[in-house]
Amino acid sequence: MKHQTFREKPQLGFWQIWNMSFGFLGIQFGFALQNSNVSRIFQTLGADVHDIPILWIAAPITGLLVQPLVGYFSDKTWGPLGRRRPYFLVGAILATVSLFFMPNSPSLWVAAGMLWIMDASINISMEPFRAFVGDMLPDRQRTSGFAMQSFFIGFGAIVASALPWIMANWIGISNTAMPGEIPDSVKFSFYIGAVVLFAAVLWTIFTTREYSPQELEEFKGSHPEDAHPEVTERVRSARQYIRGGIIWLLASAILSILIRFLHLDQELYILGGSGATFGILQIVSGRMKAMKNTQNALYEIVDDLFHMPKTMKQLAIVQFFSWFALFAMWIYATSAVTSFHYGAVETASSAYNDGADWVGVLFAAYNGFAAVAAFMIPVLARRTGRKQAHLINLCIGGAGLISFVFIRDPAWLVLSMVGVGIAWASILSVPYAILSGSLPADKMGVYMGIFNFFIVIPQIMAASVIGILVRVLFDDKAIYALVLGGVFLVIAGVATLFVDDEAGAAGEGGDVAFASAGH
């Protein structure tokens, strides 16, 4: 057989990496508006603070379903717009429409449904952007690529998170409304976000050319059997899938029975339902394998999940604690700050809306600090190694969240957000840089989508149990949900030390330099 000669993927210049990442500016506009305002919208439309985590569950479940499928199909796509860019465009169109509709929701359940649609739309665009870095950049530049995404995420969210406050304080648009109505400052913020999201994604689509499948085949490391033999060995049998599925179904059934007869919180049914769904997927996959019907998205995604690289399994623990902490902050920051720092619980009051607006400013602040940190993290990674850098950054972020309970003047919470921003920039770049070096090129999209499981699962866990913890352990004091998040960030940092990342040792693969030529 003729020996295939591979060549190195060329380094890209600063402006090439800038253009291919620019769409994340718009994507984060959408996510930042969602994260900083949806709890406010839910409460304005009548949601009790204890119900907010359940209403938020739409977002992570949507990501759990959408991202692996988009990754799987984008790996197999090639057309006039390329491999990933068709998904950028479709997601941007749907997300733009959703952002216009969300603040005009007439009722709580319509808003919950719009959150589902909006999150799915943004995820359709976002997942291929992660795989895009693996497609376009050589290993030594991937930390740079993900750092650039982190910069745009931070910069975009600065403005998006602060938009309601800017509308109210700089432009004079009303920050209050009749009970049950969304203030105009929030509505116009969503309209601006819709325009920015669409324009930014279009910029990347029209300024970046993707490598063709033939070109990707020529690059060194494109063949999993040459570069990543551990991910090509498929050892799980049909019987193992079916047996595992039955175990998951039985465990979920037992949990559901306990919830019912011990009168436990209804939120725990989410865990039971998630476990049962996973069990069913395993049984279906086992039957498909037994019937040799394995050339389909469902089987291949489940099979890839069970045969993911060792590094990916280790990073799953890091991601679990990191994203549990972030979800706790996104859900409870508004309730914590408005009640603990502003002493307000009535959503129609001026104090509550001032506090909610300040949360938007705080979210803008941590994203601003993240934008700056995005360019500093790779330098730190070169000096200490990627794992040690991530540990340092997450510990700083944990200290920032914990400090909320010690600071009474809300103006000083900006200092807390310095730490949160550093951790956020690291979470958005370092794990992905470590992961991308362990993945085969022909499965970059699907594995990036599966990696999202370890973002979504902790969010489902958080939505299931944080409300219970706040009520039972924290005496309805939402501020302690942020403290818990800080502790979890520190745990995630420690877990990073146990991840295999030889290429990211100090002075090695943590390189973040941009090629000097080309744009």
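Residues numbered from 1 in each chain as written. Predicted model: local features only at pLDDT ≥ 70, side-chain atom pairs only at ≥ 80, totals over all residues. Heavy atoms only, no water.

Asker: Any chance you could break down the overall build of the protein for me, citing the residues and the numbers?
Answerer: Within the protein, the secondary structure is distributed over 21 helices and 0 strands. A globule of 519 residues ought to have a C-alpha radius of gyration of about 24 Å, and the protein, at 22 Å, matches this closely. The principal-axis extent of the C-alpha atoms belonging to the protein is close to 75 × 60 × 40 Å. Considering the protein as a whole, with its 519 residues, one finds that 60% of them fall into the buried category. A sequence separation of at least 24 residues applies to 83% of the contacts in the protein between residues at least 6 apart. Measuring between centres, the 32 positive side-chain charges of the protein sit 7 Å from its 35 negative side-chain charges. (Helix = DSSP H or I, 4+ residues; strand = E, 2+ residues; numbered from the N terminus. Rg over C-alpha atoms; globule rule 2.2 N^0.38 Å. Buried < 20%, exposed > 50% of the residue type's maximum accessible area, 1.4 Å probe, protein only. Contact = heavy atoms within 4.5 Å. Lys, Arg positive; Asp, Glu negative; His and termini not counted. Charge placed at Lys NZ, Arg CZ, Asp CG, Glu CD.)

Asker: So what about the packing of helix α15 (residues 350–384) against helix α17 (residues 413–427)? Which residues, and what values?
Answerer: As a packed pair, α15 and α17 sit with axes 7 Å apart at the nearest point and diverge in direction by 45 degrees. Taken together, α15 and α17 sit at an angle that is classed as oblique. As for how α15 packs across α17, the hand of that crossing is right-handed. On the side of α15, the interface is formed by Trp358, Leu362, Phe363, Ala365, Tyr366, Asn367, Phe369, Ala370, Ala373, Ala374 and Ile377, while α17 contributes Leu413, Val414, Met417, Val418, Val420, Gly421, Ile422, Trp424, Ala425 and Ser426. In terms of residue class, the contact of α15 with α17 is made up of 18 nonpolar, 3 polar and no charged. (Axes fitted to C-alpha atoms, helices over the stretch in contact; angles between N-to-C directions. Parallel < 35°, antiparallel > 145°, perpendicular 65-115°, else oblique. Left-handed = near helix turned anticlockwise from the far one by under 90°. Nonpolar A, V, L, I, M, F, W, Y, C, P; charged D, E, K, R; others polar.)

Asker: Mind laying out unusual backbone geometry, listing which residues take part and the relevant values?
Answerer: Note: most peptide bonds trans; most residues except glycine with negative phi. One non-glycine residue, Lys292, adopts positive backbone phi at about 60 degrees. Looking at the secondary structure, you find Lys292 in the loop between α12 (269–290) and α13 (297–306). Exposure remark for Lys292: the relative accessible area of 75% places this residue in the exposed category.

Asker: Before we move on, could you go through the side chain of Ser436 and cite the residues and values that matter?
Answerer: In this structure, Ser436 sits in helix α18 (residues 430–436). Here the side chain of Ser436 touches Ala433 through a polar contact of 3.2 Å, landing on its backbone oxygen. With residues near it in sequence (within four places) discarded, Ser436 still touches Arg142, Phe146, Met444 and Met448. (Polar contact = N/O pair within 3.5 Å; in protein donor to acceptor, adjacent residues only side chain to side chain.)

Asker: A description of the packing of helix α6 (residues 108–136) against helix α7 (residues 142–171) should follow, citing residues and the corresponding values.
Answerer: One way to put it is that α6 packs onto α7 with a least axis distance of 9 Å and a crossing angle of 150 degrees. As far as their axial angle goes, α7 and α6 are roughly antiparallel. With respect to the hand of their crossing, α6 and α7 are arranged in right-handed fashion. Facing Phe129, Arg130, Val133 and Gly134 of α6, the residues of α7 in contact are Arg142, Gly145, Phe146, Gln149 and Ile153. Looking at the contact of α6 with α7 residue by residue, the classes come out as 4 nonpolar, 3 polar and 2 charged.

Asker: Lay out the environment of Ile122 in plain terms, naming residues and giving numbers.
Answerer: Within the secondary structure layout, Ile122 lies in helix α6. Assessed through its relative accessible area of 1%, Ile122 is described here as buried. Setting aside its immediate chain neighbours within four residues, Ile122 contacts Ile27, Gly30, Phe31, Gln34 and Ala95.

Asker: I'd love a proper account of the confidence of the model for the protein, names of residues and values included.
Answerer: When the pLDDT values of the protein are averaged, the result is 84; 91% of them are 70 or greater. Mean pLDDT in the protein bottoms out at helix α10 (residues 224–227), which sits at 44, and peaks at helix α16 (residues 386–402), which reaches 95. Predicted confidence is poor over residues 222–232, with pLDDT under 50, and the contacts of this stretch with residues over four places away or in other chains come to 24 contacts. This stretch, residues 509–519, has a pLDDT under 50; its non-local contacts, to residues over four places away or in other chains, come to 42 contacts. (pLDDT = per-residue confidence, 0-100.)

Asker: Account for helix α14 (residues 310–341), naming residues and giving values.
Answerer: In an α-helix, one turn spans 3.6 residues; hence positions three or four apart end up facing the same way. Under the 1.5 Å per step criterion, the end-to-end length of α14 is 44 Å for 32 residues, consistent within 8% with the ideal 46 Å. At Tyr332, α14 shows its strongest bend, of approximately 55 degrees. Burial of α14 is extensive: 25 of the 32 residues sit out of reach of the surface. Gly343 lies just past α14 and shows a positive phi near 65 degrees. (Expected span 1.5 Å × (residues − 1). Bend = angle between axes of the 7 residues up to and from the residue.)

Asker: An account of the pattern of salt bridges is needed here, citing residue identities and associated values.
Answerer: Applying the stated criterion to the full structure yields 11 salt bridges. Residue Asp75 is joined to Arg84 by a salt bridge in which the shortest nitrogen-to-oxygen separation is 3.0 Å. Residue Arg84 is classed as buried on the basis of its relative accessible area, which comes to 0%. With its nearest N and O atoms 3.4 Å apart, the salt bridge here joins Asp500 to Lys310. Note that Asp500 is positioned in the segment after α21 (479–496) and Lys310 in helix α14, a separation of 190 residues in sequence. Residue classification places Lys310 among the exposed residues on the basis of a relative accessible area of 53%. Connected through shared salt-bridge partners, Asp75, Arg83, Arg84 and Asp135 make up one network. (Salt bridge = Lys/Arg side-chain N within 4 Å of Asp/Glu carboxyl O.)

Asker: Account for the side chain of Ser185, naming residues and giving values.
Answerer: Here Ser185 lies in helix α8 (residues 184–207). Filtering out sequence-adjacent residues up to four positions away, Ser185 remains in contact with Pro164, Met167, Ala168, Ile173, Ser174 and Asn175.

Asker: Requested: an account of a nonpolar patch on the surface, with residues and values cited.
Answerer: A cluster of nonpolar side chains, namely Ile93, Val97, Phe100, Phe101 and Val195, defines an oily patch on the protein surface of about 460 Å² accessible area. Considering every element that reaches the nonpolar patch, the biggest residue donor is helix α5 (residues 85–101), with 4 residues. Secondary-structure assignment places Ile93 in helix α5. The exposure class of Ile93 is partly exposed, given its relative accessible area of 41%. (Patch = residues over 30% accessible without salt bridge, like charges linked within 9 Å, V, L, I, M, F, W, Y side chains within 5 Å. Areas by Shrake-Rupley, 256 points an atom, 1.4 Å probe, with all protein chains shown as cover.)

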